[in-house]
Amino acid sequence: MAGGGAAASALSSPWRALLQRALDANAHLRHSTYFQLATVGAGGRPANRTVVFRGFQEHCDKIQINTDARSNKIGEIRICPFGEICWYFTDSWEQFRISGIIDAIDGSSADPAKLQHRERAWFASSVKSRLQYLGPQPGIPILDEGRVKDVDIDPSAGPVDAFCLLVLDPEKVDYVNLKNNQRLIFTRSKKEDGSSDWMAVKVSP
């Protein structure tokens, strides 16, 4: 099973169709857009956290996640960009493990297209969500609770420095359906012209 090449084929990727079906079937559950993102932390130890699915980039299968540029994972991702998503849908009993390379895009990026993706992700977020990037640096001790004050944000203003867009480019997808006891592993291969093919293999659960 293969999904053609480049942008035109992105929406026909076989695993993407399965994922969209799972998203639609579980859309009534608020937690259906949450998944776990594992990366390689300091000293080679695993680091895992729950994040929110912010959609796919236009015309491709790349998965978007918003995060704070001041968090430890940004430096760790730049040292070792490998990551894996684990996404379980409780109503349909489906699990997706999606592994690939993560690109961390902050305001220092020299690529105008990446900065546009970051800006679009910023404005696609709620104002309440944007406010978290004006707070103290994540992970530092709070010495004086009284100094943590309410902050305001201009809804029309662009991304603040602390806002970072993570983009995971899938290379392998391990899909399990526990209702019908089916497991498929999708692997991406790149061709000389830069396009990609997705191959699917049915394996024992």
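Keep in mind that what you see is a predicted model, and the values were worked out from it rather than measured.

Reading the values: the criteria
- Residues numbered from 1 in each chain as written.
- Predicted model: local features only at pLDDT ≥ 70, side-chain atom pairs only at ≥ 80, totals over all residues.
- Heavy atoms only, no water.
- Salt bridge = Lys/Arg side-chain N within 4 Å of Asp/Glu carboxyl O.
- Helix = DSSP H or I, 4+ residues; strand = E, 2+ residues; numbered from the N terminus.
- Buried < 20%, exposed > 50% of the residue type's maximum accessible area, 1.4 Å probe, protein only.
- Contact = heavy atoms within 4.5 Å.
- Phe/Tyr/Trp six-rings, centres within 6.5 Å; stacked < 30°, edge-to-face > 60°.
- Lys NZ or Arg CZ within 6 Å of the ring centre and 35° of its normal.
- UniProt positions renumbered as here; feature names shortened; annotations may be inferred.
- Pairing = 2+ DSSP bridges.

Caption draft 1: Fine view of the pattern of salt bridges. Applying the stated rule across the entire model yields 8 salt bridges. When the shortest N-O distance is used, the salt bridge between Arg21 and Glu94 registers 3.3 Å. Of this pair, Arg21 sits in helix H2 (residues 14-25) while Glu94 is found in strand E5 (residues 94-105), placing the two residues 73 residues apart along the sequence. By relative accessible area, Arg21 is classed as partly exposed at 45%.

Caption draft 2: Broad picture of the environment of Gly55. Following the sequence through the fold, Gly55 ends up in the loop between strand E2 (46-52) and strand E3 (63-68). Gly55 gets classed as buried once you look at its relative accessible area, which sits at 19%. Along the chain, Gly55 and Ile65 lie 10 residues apart, while their C-alpha atoms are 7.9 Å from each other. The contacts of Gly55, once residues within four sequence positions are left out, are Lys62, Ile63 and Gln64.

Caption draft 3: Molecular detail of the packing of aromatic side chains. If you walk through the whole model with that rule in mind, you get 12 aromatic pairs. Plain terms: the ring middles of Trp15 and Trp198 are 5.7 Å apart, the flat faces sit at 65° to each other, and that makes the pair edge-to-face. Of this pair, Trp15 sits in helix H2 while Trp198 sits in strand E8 (residues 196-203), placing them 183 residues apart in sequence. Classification of Trp198 by relative accessible area gives buried; the value is 4%. When the ring of Tyr133 is compared with that of Phe163, the centres are 5.2 Å apart and the planes differ by 85°; the resulting orientation is edge-to-face. With Tyr133 in the loop between helix H5 (127-131) and strand E6 (163-177) and Phe163 in strand E6, this pair connects stretches of sequence that are 30 residues apart. The two residues Tyr133 and Phe163 agree in class, both being buried. The rings of Trp15, Phe35, Phe53, Phe56, Trp87, Phe89, Phe96, Tyr175 and Trp198 are connected pair by pair, giving a single aromatic cluster. The aromatic ring of Phe56 is capped on one face by Arg16, whose charged end is 3.6 Å from the ring centroid. The positively charged end of Lys179 is found above the aromatic ring belonging to Trp93, 5.7 Å away from the centroid.

Caption draft 4: Highlighting the UniProt feature "domain: Pyridoxamine 5'-phosphate oxidase Alr4036 family FMN-binding" (unreviewed entry) in the protein. Feature annotation in UniProt assigns "domain: Pyridoxamine 5'-phosphate oxidase Alr4036 family FMN-binding" (unreviewed entry) to the following positions: residues 13-105. As annotated, residues 13-105 comprises 22% helix and 43% strand, and the C-alpha atoms at either end are separated by 25 Å.

Caption draft 5: Expanded view of the environment of Ala157. By the secondary structure assignment, Ala157 is in the loop between H5 and E6. What makes Ala157 partly exposed here is its relative accessible area of 30%. Ignoring any residue separated from it by four or fewer positions in sequence, one finds Ala157 in contact with Trp122 and Phe123.

Caption draft 6: Representation of the pairing of E6 within the structure. Across the 15 residues of E6, 13 count as buried, placing the element largely inside the fold. Bridging between E3 and E6 involves 6 bridges; their strand directions are antiparallel. Bridge pairing in E6 links Ile63 to Leu168. Sheet topology places E5 next to E6; 12 bridges connect them, and they run antiparallel. Following the sheet pairing, Ile105 is matched in E6 by Leu165. Bridging between E6 and strand E7 (residues 182-190) involves 6 bridges; their strand directions are antiparallel. Its bridge partner lying in E7, Val176 is registered against Arg183. Connecting E6 to the antiparallel partner E7 that follows it, the hairpin turn spans 4 residues, and Asn181 within it adopts a positive phi of roughly 60°.

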